[in-house]
Amino acid sequence: MASTWAVSGPSNSSRSGPAIRGRQDIAIYAQVSGKIAQVCINEGQRVRNGQTLFIIDPTVYRARANKAKAQLNKARAQALKAERDLNRIRPLYEQNAASQLDLDNAIASYESAVADVVVSEADLTQAEMILGYTTVQSPISGYISERNADIGTLVGPGGKSLLATVVKSDTV
């Protein structure tokens with residue numbers, strides 16, 4: 001992000017002081033790899049904060065999010081089963097009908113299943129966040145000064161794929 005400020009000198013009129021003009025150029029980069037599926041802006045167009053500028057093909061990222069969601073459902077089902085097994089073993093252990101080893105195994109299975117749910121929730125959150133990066137939005141209101149990508153352009157993260165530049169220009 002580059003910010004530039006220009007200060008003009010005082011005018012000949014004694015009623016006005018110096019005018020301060022601010023300009024902020026925001027470079028828009030891809031945060032995920034893929035082909036541009038949709039371009040939603042043109043050079044010179046006014047955009048608002050949060051407006052969609054580009055859509056990177058979300059197919060792979062949507063599939064990863066769906067897989068993470070299914071994995072979470074599976075982990076929750078396994079945790080529920082482990083909890084039921086533990087609830088069955090405890091009374092048997094108290095009646096000396098199950099061994100300490102049986103109880104310890106049931107506790108370990110339950111705790112492991114609960115941990116798997118937490119991991120699966122984090123995986124789903126990450127997959128959904130990355131899927132969200134396929135919709136490239138403007139971080140500020142301003143004007144598109146240049147557009148560097150078209151439909152079909154292969155882009156990627158790491159500051160290598162400049163998609164566009166949004167300019168915010170305010171005059172005070």
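Residues numbered from 1 in each chain as written. Predicted model: local features only at pLDDT ≥ 70, side-chain atom pairs only at ≥ 80, totals over all residues. Heavy atoms only, no water.

Focus on the overall build of the chain
- Regarding its fold elements, the chain presents two helices and nine strands.
- Written out in order from the N terminus, the α and β elements of the chain read β-β-β-β-β-α-α-β-β-β-β.
- Relative to its 172 residues, the chain shows a buried fraction of 27%.
- In the chain, the proportion of contacts linking residues at least 24 apart, taken out of those at least 6 apart, comes to 71%.
- When the accessible surface of the chain is split by element, carbon and sulfur atoms take 51% of a total near 11000 Å². (Helix = DSSP H or I, 4+ residues; strand = E, 2+ residues; numbered from the N terminus. Buried < 20%, exposed > 50% of the residue type's maximum accessible area, 1.4 Å probe, protein only. Contact = heavy atoms within 4.5 Å. Areas by Shrake-Rupley, 256 points an atom, 1.4 Å probe, with all protein chains shown as cover.)

Topic: the sheet that holds strand 6 (residues 135-137)
- Pairing is antiparallel across the open sheet formed by four strands, whose spatial order is 6-5-3-8. Every other strand in the sheet has two partners, leaving strand 6 and strand 8 (154-155) as the edge strands with one partner each.
- Of the strand pairs in this sheet, strand 3 (residues 34-39) and strand 5 (residues 52-56) are connected by three bridges, and their pairing is antiparallel. In the sheet register, Val39 faces strand 5, and the bridge partner there is Phe54. (Pairing = 2+ DSSP bridges.)

Comments concerning the packing of helix 1 (residues 59-94) against helix 2 (residues 100-132)
- Axis separation between helix 1 and helix 2 bottoms out at 8 Å; the angle between their running directions is 160°. Relative to helix 2, the element helix 1 is oriented roughly antiparallel. In the crossing of helix 1 with helix 2, the sense of the turn from one axis to the other is left-handed.
- Residue composition of the contact of helix 1 with helix 2, grouped by class: 21 nonpolar, five polar and 11 charged. (Axes fitted to C-alpha atoms, helices over the stretch in contact; angles between N-to-C directions. Parallel < 35°, antiparallel > 145°, perpendicular 65-115°, else oblique. Left-handed = near helix turned anticlockwise from the far one by under 90°. Nonpolar A, V, L, I, M, F, W, Y, C, P; charged D, E, K, R; others polar.)

Observations concerning the pairing of strand 5
- Looking at chain direction, strand 5 and strand 6 are connected through three bridges and run antiparallel. Looking across to strand 6, one finds that Thr52 is bridged to Gln137.

Some words on the packing of aromatic side chains
- Under the criterion given, the structure shown has zero aromatic pairs.
- Over the aromatic face of Tyr143 sits the side chain of Arg46, whose NZ or CZ is 5.1 Å from the ring centroid. (Phe/Tyr/Trp six-rings, centres within 6.5 Å; stacked < 30°, edge-to-face > 60°. Lys NZ or Arg CZ within 6 Å of the ring centre and 35° of its normal.)

A word on the nonpolar core
- Formed by 19 residues in total, the largest nonpolar core has its most connected members in Ile36, Leu53, Phe54, Ile56, Leu163 and Val166.
- Breaking this core down by element, the ones donating at least two residues are strand 2 (20-29), strand 5 and strand 9 (162-171).
- Setting aside residues up to four positions removed in sequence, Ile56 forms contacts with Ala30, Val32, Ser33, Gly34, Lys35, Ile36, Ala37, Tyr133, Thr134, Val136 and Val155.
- In this structure, Ala75, Ala79, Ala82 and Val117 belong to the second largest nonpolar core, which totals 10 residues. (Core = buried A, V, L, I, M, F, W, Y, C linked by side-chain atoms within 4.5 Å.)

Re unusual backbone geometry
- Even without being glycine, Asn96 reaches a positive phi, approximately 60°.
- Its location among the elements puts Asn96 in the loop between helix 1 and helix 2.

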